[in-house]
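# Residue-level structure breakdown
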Amino acid sequence: MAAFSFDIVMEQVRNLEAIKDILADLLVIDCHAHIGPHSRYFVPNDGIDGIIAAMDSIGVDKVGINALSALEGEVVDGNTATARAMMQYPDRIIGHCCINPNYPETVESETLRCFEQLGMRMLKFHSAWHKTPPEHARYRPAVEYCAARRIPLLTHLTDYIGGLPGYASLAREYPQMPFIIAHATAPNAIDAIIEVCAGVENMFFDTTGYPKYNRSIERLVEGCGEDRVLFGSDIAWLNLAHEIGPILFAEISDTAKEKLLGRNFQAILEGITL
């Protein structure tokens with residue numbers, strides 16, 4: 001097989017089938033996606049079949065997902081919905097275990113259920129929706145369980161800037177645990193992320209962000225390193241093609257693109273010691 005080069009992207013991309021052909025021989029993992037309805041926002045085509053169809057249309061191999069209902073408050077039922085998606089597509093889905101500190105009686109039990117019974121491989125909380133700082137004690141049973149097993153945490157900033165010191169402090173406290181900051185290419189966050197988090201080696205950054213702006217991927221790679229940036233789409237909220245395009249067209253090396261698209265996240269998953 002001829003050596004792969006992203007140079008062909010500019011010449012050949014005309015439609016989704018062309019993108020699929022380009023990505024066919026690469027590992028592509030989307031670390032950040034959602035299924036199911038949200039209580040306040042319309043999310044089109046939010047079922048797992050729709051997400052798999054979108055992945056197949058482009059050439060995405062695997063996706064990390066959670067049910068939006070689990071993030072909002074229906075923790076047990078939402079995590080069960082994620083588990084059903086995992087059972088439906090066992091080779092494609094990486095489940096996020098969602099916890100909510102506003103329901104402290106469920107934090108420890110759901111952590112154990114999700115990882116030891118349901119086979120999930122990521123922890124997810126949303127401190128903005130939970131209105132709880134990341135370092136709060138009610139998150140700790142889940143964080144400590146996952147830190148001991150090198151299970152990654154994917155989380156949202158409370159306000160994209162103000163919460164960064166709290167996450168950086170938590171990451172320093174648990175250096176063996178990968179901490180993934182969602183929406184790291186958001187225009188009002190990227191400079192602060194580089195300033196506060198780039199020096200914390202177990203912090204990683206997913207590429208979901210809206211709107212994308214010029215050189216956002218390049219800035220994140222230059223500021224944090226090509227080994228610490230992960231592809232995320234936020235599908236079904238956002239369009240998968242729109243979110244993968246900035247990586248394909250970024251002015252970074254082919255090796256860096258391959259790392260962002262899947263190899264970096266695969267290395268995190270391989271480090272889990274469950």
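Just so we're clear, the structure is a prediction, and the values are computed from it rather than from any experiment. Within each chain, residues carry numbers counting from 1 in the order of the written sequence. Under the rules for a predicted model, residues below a pLDDT of 70 receive no local features and side-chain atom pairs below 80 are neither given nor counted, while totals for whole chains, interfaces and linings still include all residues. Hydrogens and water molecules were not included; the side-chain quantities draw on all heavy atoms of the structure.

This part takes up the overall build of the chain. The helix and strand tally for the chain stands at 13 helices and eight strands. Note on method: radius of gyration uses C-alpha positions; expected globular size equals 2.2 Å times residues raised to 0.38. Computed over the C-alpha atoms, the radius of gyration of the chain is 18 Å, within 12% of the 19 Å expected from 2.2 N^0.38 for a compact globule of 274 residues. Each of the three principal axes of the chain carries a C-alpha extent, and together these read 55 × 40 × 35 Å. Here's how the labels work: a residue is buried when its accessible area is under 20% of the maximum for its type, exposed when over 50%, partly exposed in between, all with a 1.4 Å probe on protein chains only. Looking at the chain residue by residue over its 274 residues, the buried ones come to 57%. Methods summary: accessible areas were calculated by the Shrake-Rupley approach with a probe of 1.4 Å, and residue burial reflects only the protein chains presented. If you sum the accessible surface of the chain, you get close to 11400 Å²; carbon and sulfur atoms cover 51% of it. His is not counted here, nor are the chain ends, while Lys and Arg score as positive and Asp and Glu score as negative. Taken as the charge location is NZ of Lys, CZ of Arg, CG of Asp or CD of Glu. Charged side chains in the chain number 22 positive and 36 negative. The centres of these two groups are separated by 3 Å. Secondary structure is summarised from DSSP: a helix means a run of H or I of at least four residues, a strand means a run of E of at least two, and numbering begins at the N terminus for each.

The next thing to look at is the packing of aromatic side chains. Between 30 and 60 degrees the pair is tilted, below 30 it is stacked and above 60 it is edge-to-face, where a pair is any two Phe, Tyr or Trp rings, Trp via its six-membered ring, whose centres lie within 6.5 Å. Summed over all chains, the structure comprises two aromatic pairs. Relative to Y145, the ring of F115 has its centre 5.8 Å away and its plane inclined at 25°; by these criteria the two rings are stacked. One end of the pair, F115, is in helix 6 (residues 104–117); the other, Y145, is in helix 8 (residues 140–149), and 30 residues separate them in sequence. Residue F115 is classed as buried on the basis of its relative accessible area of 4%.

Our next topic: the side chain of D206. Position of D206 among the secondary structure elements: in strand 7 (residues 203–206). Salt bridge criterion: a side-chain nitrogen from Lys or Arg within 4 Å of a carboxyl oxygen from Asp or Glu. Despite its burial, D206 remains without a salt bridge, the nearest opposite charge being carried by K124 at 7.2 Å. Residues adjacent in sequence count toward polar contacts only when both atoms are side-chain atoms; beyond that, a polar contact is any pair of N or O atoms within 3.5 Å, and within protein one must be able to donate a hydrogen and the other to accept it. Polar contacts involving the side chain of D206 include one to the side chain of H32, which spans 2.8 Å. A distance of 2.5 Å separates the side chain of D206 from the side chain of T208, its partner in a polar contact. Contacts are residue-level and defined by heavy atoms, with any inter-residue pair within 4.5 Å sufficient. Those residues in contact with D206, other than ones at most four positions away along the chain, are C31, H32, L154, I180, I181, A182, H183, A184, T185 and L230.

So, on to the pairing of strand 3 (residues 93–98). Consecutive residues of a regular strand have side chains that alternate between opposite faces of the sheet. Among the six residues in strand 3, six count as buried, and that is most of the element. Residues I93, G95 and C97 point to one face of strand 3 and I94, H96 and C98 to the other, with burial holding for every one of them. Two strands form a pair only when DSSP identifies at least two bridges running between them. Where strand 2 (residues 62–67) meets strand 3, three bridges bridge the pair, whose relative direction is parallel. Paired with V63 across the bridge in strand 3 is I93. Of the pairings in the sheet, the one linking strand 3 to strand 4 (residues 122–126) comprises three bridges and is parallel in character. Across the sheet, H96 pairs through a bridge with M122, a residue of strand 4. The definition of a right-handed crossover adopted here requires that, viewed with the strands pointing away, the path from the first strand over the helix to the second runs clockwise. Between strand 3 and its parallel partner strand 4, the chain crosses via helix 6, and the hand of that crossover is right-handed.

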